[in-house]
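Each chain, letter by letter, is given below.
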Amino acid sequence: MRMLLRGAAALAAVVTVASLTSGAAAHPRTGRAAEAAGTVRASAAAQIPPGVTAGVAVYDREAGRFTEQVGDSAQFRSASVVKLLLALDFLWDRGPDYTIPAADRARLEPMLRGSDDDAADYYWSTYGGSAIIERMTDRTELGLRDTAPPPAGYPGFWGYTAVSARDTVAIYRYILEKAPAPVRDFIMDNLRRSTRCSATDHFDQHFGIAGAFDKPWAVKQGWSGKYAKGTCGAQAASSGTQTESAAPAPRAAAAVDLSRPALHSTGTVGANDRSIVAVLTLHPVGTSYGKAYTDIGRLTRSLNVPGAKRPAGTWFGTWGEFVNVRRGPATGGDRMTQLPAGVEVLVGCQVRGEVVNVPPYTNEWWAYLPQYGGYISNIYISSPDNRLPNVPECAA
C-alpha cells in the first residue's frame, strides 16, 4: 500500500534533494563520511527531479560492482516492497523438495505479481508481524543493515517497515545468488509476470523499471499516499479520491517519513538478471499519482543500468483525467485502461483516426502507446500541433 496495513509506502530518507535535483549530478563523497550521510558514492548519471527525495542503487551482477549509489543507505518506508521479505520468510527452511500448498500459492502469486494486499495482511498476521522483519534482519545470509520493523505505535502496518536501496539490492542478491533454486525460481518467475494493474486498488504499477526498459525485467513495486483512485483496467473506477482514512496520523518522532507520498520501483533488468535496480522515492504532499509516476520514470531512465534495453519511441506529457487507452484509433474501440492523470507516455507512432472534439480543440490523430498496446487521441498529448513532431506514421 500504499495504504496502511495494506502496504504503506514512502519513508522519508535521511537524504535531502537540495543538491540532487534534475540536471545536476550529485557530487560524491568518499569514505566513512559518505557512508554515514547516505549520499552518493558511485553516481554520474542519476537525475532526481526537483522536490523528490530518492534512494537509488544499481548493482551490475556481471561486473560485481555498483554503477549507481545515491542515498542508498537512507531508510524509506517500504510499502509493498516488503512483500519480498514476507515471501522469503514463508519459504525459508522449507527444503528443496517443498511443494507450496495450493492455498499459499493462490496468495503468494497475486501478492508478488499484482501486489495483492489481502495476501500480505494474511502472512503478516499469521506469521508474527514485526517478528518477520526481525527474523529477516537476523539472517546473516541476507546482510540487511538498514531494514527495521514498523515504528512503535504501528505494529500492524507492514508497509511501514523501513528499507533502504542498498538493502533492497541485498534482498535480490540473496534471491538470485544464495536462495535454494525452487525459492529463486518461484519468486523471480512471479516478478517477471508482474501485472500492469495492481490486484487490490487498480493502480497502474508499471512505472519506473517497467516503463524505462524493455523486457526482460522482473519488478516488485511499492506506493503509498493520498492519490486519486486507481484507474487501471477496463473496469476501474473513474472518479473520486482515495485516502488513508484507516491510518492514524503519523507521529513526528518516527525515524522515517510516514506522510509524504511514495513510489518505489525495484527489481532486475537484462538477460540473466544482470542488473539489480532499487529506486525509492518520496514526493511533496499533494503530488498526483501521474506526476509521481512521471518523476520516477524520468529518474529511472537516467540511470546507468548495464544490460538494459531502452524502448523505442518518444516521451510526451499528457493532460486531462481518465484518458482512455483504446484498442483502435476511435472512441468506440474497447477501453483497455485509463491513464493516471497527467502521466508521461511513450509514443511509438501515430495514425489518423476518428476526429475527437474537446472544445476548443479538434484532432483526428491518434498516438500508439507500445507499452499499453493501444491508442489515445493526440488531443490529450501535450504538444502544440495535432500531428506530433518527429513521430512516424504507423504502418497500415
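See above for the structure.
This write-up is about the structure you can find in this document. (Residues numbered from 1 in each chain as written. Predicted model: local features only at pLDDT ≥ 70, side-chain atom pairs only at ≥ 80, totals over all residues. Heavy atoms only, no water.)

1. With respect to the sheet that holds strand S4 (residues 65–70)
Using the following cut-off: Strand pairing follows a simple DSSP-based rule, namely that at least 2 bridges must link the two strands. Secondary structure elements are taken from DSSP: a helix is a run of H or I of four residues or more, a strand is a run of E of two residues or more, and numbering for both begins at the N terminus. Note on geometry: axes are lines fitted to C-alpha atoms, helical ones only across the stretch in contact, with angles between N-to-C directions running from 0 to 180 degrees.
Strands sit in the order S4-S3-S9-S8-S7 across an open sheet of five strands; the sheet is antiparallel. Both edges of this open sheet fall to S4 and strand S7 (217–224), since each of them pairs with a single strand only. If you compare each strand with its neighbour and ignore which way they point, the axes differ by 5° on average. Where strand S8 (residues 262–269) lies against strand S9 (residues 275–282), eight bridges are found, and the strand directions are antiparallel. Bridged to histidine 264 within S9 is leucine 280.

2. Observations concerning the pairing of S7
We apply this condition: The rule is simple: take the accessible area with a 1.4 Å probe, protein chains only, and divide by the maximum for that residue type; under 20% is buried, over 50% is exposed, in between is partly exposed.
For S7, the tally of buried residues reaches eight of eight residues, placing the bulk of the element in the interior. Side chains Trp217, Val219, Gln221 and Trp223 of S7 all project onto a buried face; the interleaved residues Ala218, Lys220, Gly222 and Ser224 project onto the opposite face, where all are buried too. Summarising the sheet, S7 and S8 pair through eight bridges and their orientation is antiparallel. Along S8, the bridge assignment pairs tryptophan 217 with valine 269.

3. Observations concerning the pattern of salt bridges
For the record, the criterion: Only one rule defines a salt bridge in this text: a Lys or Arg side-chain nitrogen within 4 Å of an Asp or Glu carboxyl oxygen.
Enumeration according to the criterion identifies 21 salt bridges in this entry. Arginine 107 is paired through a salt bridge with aspartate 104; the nearest N and O atoms lie 3.5 Å apart. With a gap of three residues between them, arginine 107 and aspartate 104 both fall in helix H3 (residues 102–113), about one helical turn apart. By relative accessible area, which is 26% here, arginine 107 ends up partly exposed. Given the relative accessible area of 9%, aspartate 104 is considered buried. With its nearest N and O atoms 2.8 Å apart, the salt bridge here joins arginine 298 to glutamate 344. One end of the pair, arginine 298, is in helix H9 (residues 289–301); the other, glutamate 344, is in the loop between strand S12 (335–338) and strand S13 (345–347), and 46 residues separate them in sequence. For arginine 298, a relative accessible area of 43% corresponds to the partly exposed category. Using a relative accessible area of 11% as the deciding quantity, one classes glutamate 344 as buried. Shared partners join several salt bridges into a network, and the residues in it are Asp60, Glu62 and Arg274.

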